Amino acid sequence: MLGNLVVLVLLMCGTSTECTRYDGYVVLRLDVSTDQDVHVLKQIQEVPEVVDFWDFPRDLMVSPSYLEDIKATLKENKIKYVTWIDNVQDLIDTQFNHRNTEYSTDEFNYAVYHTWEEIYQWVLDTAAAYPGLAEAILIMHSYQGKEQYVLKVGSDSATPKEAIWYQGGIHAREWISPATVMWMTNQLLMDYSVDPEVKSMLDQYDIYVLPLLNVDGYNHTWEEDRMWRKTQKPNNGSNCIGTDANRNWDYMWGGEGASAFPCASTYRGDSAHSEPEVKGVATFLELKALEQTFQLFIDFHSYSQYWLTTWGYTLDLTDDHVTQTALASIGCDAIYSVHGTVYTYGTFADHLYIGSGLSQDWGYGTLGSPYSFTVELRDTGEYGFLLPEDQIIPTSEETYAGLKAAITYVMANT
Ligand SMILES: [Zn+2]
């Protein structure tokens, strides 16, 4: 492992001059109040070489060469804004420099961000550390051929158990997501022998965990472009690489809020499940669902501190809207109780924007999980995707409280 690290350090973006640089890039926070504003911003969003929405339609990263044009467009349309982050490269440098100087331990360190190889190894090591309680299951290979293991967590049982799924890292640049998923999963395993509540959860459910769904894209954020979001599969007839893996699921695929344009950051792919990582998860879960009912499905993202209920593709409410909302509310309260971090909740479509081909809609609509969510972790934009490492543990601790509250609710209401 340490031998690999030496090589990796040489390739990481903090040291490599090959990496995409964000000198002088700013993030603007927009004051969006009308549908007309959103309409204007959607048009801007279709030109990815000019702008990159970190959080549509509120936070917009702009390159220095287009900054004056964008400001003029905003002014013309009477959309107010403030400069929120004034040099994105400074934050990127801080993250990688920290890693280069301070990371040197054989013990898995949950307080730092990890490369995909370390996350891969973490799944295997964790399974080995908890025989009878954890198991690594190879479910697929990524587009670039990386093995993808799911960690199954739960005590052995003679009778068929119900199931839970949660995943992280579907969007490459959201580093806090896999970090939090790993910390929480390790905590469930450690708490099994000391916390009766957790024991009953792992006795009743098989919890399947995938910490890093978009493994190729994530590796790209370490080695070439820290702000990458999509997968790494090339697109026919376009120079633009990658699909938005959270617009690629085979439920209401191709509708509103997913782009048909391969260069867009929300590109839906050329067909549903075109991305091997999405297809791999969907195939695994559909097979499992033949023998186990998935009661809870959570896709962890960042950022904005939202607990989002289904649906995303429409403003219509699901038949389970009342209980889904009750769970989301309880989850937000549990998160708040740990460090006072404020989360808000609502349906994805209403609270955020319409998006189609989403994992959570597939979780509810196809997999049949009555409780299917997107959770957007810290922060509310101070650092955005470049959340400092000293927030990994606090984020994980509060999210773990939310996760346990969600499982407890599901246990009582299914
Ligand atoms: Zn995301």
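Residues numbered from 1 in each chain as written. Predicted model: local features only at pLDDT ≥ 70, side-chain atom pairs only at ≥ 80, totals over all residues. Heavy atoms only, no water.

1. A short note on the coordination of the zinc ion
- All of the protein donors around the zinc ion are His171 (ND1), Glu174 (OE), Glu174 (OE) and His301 (ND1); their distances to the metal are 2.1 to 2.4 Å.
- Its 4 donor atoms give the zinc ion angles of 58 to 151° at the centre, a pattern that matches the irregular case. (Donors = N, O, S within 2.8 Å, 3.2 Å for Na, K, Ca; no water. Tetrahedral: all angles 85-135°; square planar, octahedral: opposite > 155°, others 65-115°.)

2. Observations concerning the environment of Leu387
- Structurally, the position occupied by Leu387 is in the loop between strand 12 (371-377) and helix 13 (392-413).
- Residues Leu387 and Leu91, 296 residues apart in the sequence, show an inter-C-alpha distance of 8.8 Å.
- Beyond its immediate chain neighbours, meaning those up to four positions away, Leu387 contacts Gln95, Tyr113, Ile176, Arg378, Asp379 and Thr395. (Helix = DSSP H or I, 4+ residues; strand = E, 2+ residues; numbered from the N terminus. Contact = heavy atoms within 4.5 Å.)

3. Considerations on the sheet that holds strand 2 (residues 51-55)
- Strand order in this open sheet of 4 strands is 2-3-1-4, and the pairing throughout is antiparallel. Each edge of the sheet is formed by a strand with only one pairing partner; in this case those strands are strand 2 and strand 4 (80-85). Across the sheet, the mean angle from the axis of one strand to that of its neighbour is 35°, orientation sign disregarded.
- Summarising the sheet, strand 1 (residues 26-31) and strand 3 (residues 59-62) pair through 4 bridges and their orientation is antiparallel. Within strand 3, the position partnered with Val27 by the bridge is Met61.
- Across the sheet, helix 2 (residues 35-45) lies against strand 1 and strand 2, angled at about 125° from strand 2, the strand it touches most.
- Strands in contact with helix 3 (residues 67-76) are strand 1, strand 2, strand 3 and strand 4; relative to strand 1, the strand with the most contacts, it is inclined by about 0°. (Pairing = 2+ DSSP bridges. Axes fitted to C-alpha atoms, helices over the stretch in contact; angles between N-to-C directions.)

4. Describing the domain arrangement of the protein chain
- Per the domain assignment, the segments of the protein chain are domain 1 (26-86) and domain 2 (114-232 + 243-413).
- When each unit is reduced to the centre of its C-alpha atoms, the spacing between domain 1 and domain 2 is 29 Å.
- Taken together, the contact between domain 1 and domain 2 spans 15 residues of the former and 20 residues of the latter.
- A combined buried area of about 1200 Å² lies between domain 1 and domain 2, and 47% of that area is made up of carbon and sulfur atoms.
- Applying the counting rule to domain 1 against domain 2 returns 1 salt bridge.
- Of the charged contacts in the structure, one is a salt bridge between Asp52 and Arg173, with a shortest N-O distance of 2.7 Å.
- Here domain 1 is connected to domain 2 by 8 residue pairs in polar contact (both at pLDDT 80 or more).
- If one sorts the elements of the side of domain 1 that touches domain 2 by residue count, strand 2 sits on top with 4 residues. (Domains from an automatic or database assignment. Buried area = accessible area lost by both parts, 1.4 Å probe. Salt bridge = Lys/Arg side-chain N within 4 Å of Asp/Glu carboxyl O. Polar contact = N/O pair within 3.5 Å; in protein donor to acceptor, adjacent residues only side chain to side chain.)

5. What to know about helix 10 (residues 321-339)
- Relative to the 27 Å expected for 19 residues at 1.5 Å per residue, helix 10 spans 28 Å between its end C-alpha atoms, a close match to the ideal helical length.
- Those residues of helix 10 that sit buried are Gln324, Leu327, Ala328, Ser329, Gly331, Cys332, Ala334 and Ile335.
- Those residues of helix 10 that are buried are in contact with strand 10 (306-309), strand 11 (344-347), helix 12 (359-365), strand 12 and helix 13.
- The first or second residue beyond helix 10 is Gly340, which carries a positive phi of 75°. (Expected span 1.5 Å × (residues − 1). Buried < 20%, exposed > 50% of the residue type's maximum accessible area, 1.4 Å probe, protein only.)

6. As for the state of the cysteines
- Tallied over the full model, the rule gives 1 disulfide.
- Linked covalently through their sulfurs, Cys240 and Cys263 form a disulfide whose S-S length is 1.9 Å. Between Cys240 and Cys263, the S-S torsion sits near 85°, and that sign places the bridge as right-handed. You can see Cys240 sitting in the loop between helix 8 (215-223) and helix 9 (276-288) and its partner Cys263 sitting in the loop between helix 8 and helix 9, a full 23 residues away along the chain. (Disulfide = S-S within 2.5 Å.)

7. As for the pairing of strand 6 (residues 147-153)
- Where burial is concerned, most of strand 6 is hidden: 5 out of the 7 residues are buried.
- Bridge analysis of strand 5 (residues 134-141) against strand 6 gives 7 bridges, and the strand direction is antiparallel. Across the sheet, residue Ala136 finds its bridge partner in strand 6, namely Leu151.
- Between strand 5 and strand 6, which pair antiparallel in sequence order, lie 5 residues; one of them, Gly145, sits at a positive phi of approximately 90°.
- With 3 bridges joining them, strand 6 and strand 8 (residues 205-210) adopt antiparallel strand pairing. Paired with Leu151 across the bridge in strand 8 is Val209.

8. Details of the packing of helix 5 (residues 116-129) against helix 6 (residues 176-191)
- Where helix 5 meets helix 6, the closest approach of the two axes is 12 Å, and the angle between their N-to-C directions is 10°. It follows from the interaxial angle that helix 5 and helix 6 lie roughly parallel. Between helix 5 and helix 6, the residues in contact are Ile119, Trp122 and Thr126 and Pro178, Met182, Thr185, Asn186 and Leu189, respectively. (Parallel < 35°, antiparallel > 145°, perpendicular 65-115°, else oblique.)

9. Notes on the side chain of Asp225
- Along the chain, Asp225 falls in the loop between helix 8 and helix 9.
- Notably, Asp225 is buried but unbridged: the nearest opposite-charge side chain belongs to Arg173, and the N-O separation is 7.4 Å.
- Of the polar contacts made by the side chain of Asp225, one reaches the side chain of Tyr22; its length is 2.7 Å.
- Beyond its immediate chain neighbours, meaning those up to four positions away, Asp225 contacts Cys13, Thr20, Tyr22 and His220. (Lys, Arg positive; Asp, Glu negative; His and termini not counted.)

10. Remarks on the packing of helix 6 against helix 13
- Between helix 6 and helix 13, the least distance of the axes is 9 Å, while the angle of their chain directions is 60°. With respect to helix 13, the element helix 6 is oriented oblique. When you trace helix 6 past helix 13, the crossing you get is right-handed. On helix 13, the residues touching Ile176, Ala179, Thr180, Trp183, Met184, Gln187, Leu188 and Asp191 of helix 6 are Ile392, Ile393, Thr395, Ser396, Glu397, Thr399, Tyr400 and Leu403. (Left-handed = near helix turned anticlockwise from the far one by under 90°.)

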